[in-house]
Amino acid sequence: MEQELQRVIQEYVPGKQVTLAHVIANPDPILYTKLGIQEAGAIGILTLTPTETSIIAADIATKAAEVQLGFLDRFTGSLIIVGDVSAVDIAIHAVNQFLSEKLKFAPAILTRS
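Residues numbered from 1 in each chain as written. Predicted model: local features only at pLDDT ≥ 70, side-chain atom pairs only at ≥ 80, totals over all residues. Heavy atoms only, no water.

(A) Geometry of the overall build of the protein chain. In terms of regular secondary structure, the protein chain is built from 3 helices and 5 strands. For the protein chain, the sequential pattern of α-helices and β-strands runs β-α-β-α-β-β-α-β. A principal-axis box enclosing the C-alpha atoms of the protein chain has dimensions of 60 × 35 × 20 Å. The proportion of buried residues among the 113 residues of the protein chain is 36%. Across the protein chain, every contact between residues at least 6 apart in sequence was considered, and the portion connecting residues at least 24 apart equals 61%. For the protein chain, the accessible surface area stands at approximately 7400 Å², while carbon and sulfur atoms represent 55% of it. Each charge sign in the protein chain was given a centre, from 8 positive and 12 negative side chains, and these centres are 8 Å apart. (Helix = DSSP H or I, 4+ residues; strand = E, 2+ residues; numbered from the N terminus. Buried < 20%, exposed > 50% of the residue type's maximum accessible area, 1.4 Å probe, protein only. Contact = heavy atoms within 4.5 Å. Areas by Shrake-Rupley, 256 points an atom, 1.4 Å probe, with all protein chains shown as cover. Lys, Arg positive; Asp, Glu negative; His and termini not counted. Charge placed at Lys NZ, Arg CZ, Asp CG, Glu CD.)

Written out as structure tokens, the structure is:
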């Protein structure tokens, strides 16, 4: 008996939004090792659509606070920043604010762990 194969097509339709804005305060050092980034007091994670917005977000974050870029991927919209907890918090808030006010993005609720 022959089984019918199904083909699934996934379509990606980006909206103008920050889909995740999260601060990990005082993470376990193994996270830095696994991510391949330098240790700091906090890790900030953002995901954005359209994905190229991660470039703009990185610029805003580094100008708003003393944070360093841990990772930026313009193809997935992922951005990781590192710094002390308050700096990462300020940077993510600045990204959310700029994108929502100037570019009319839907901001994400800032979460923390």
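So, next bit.
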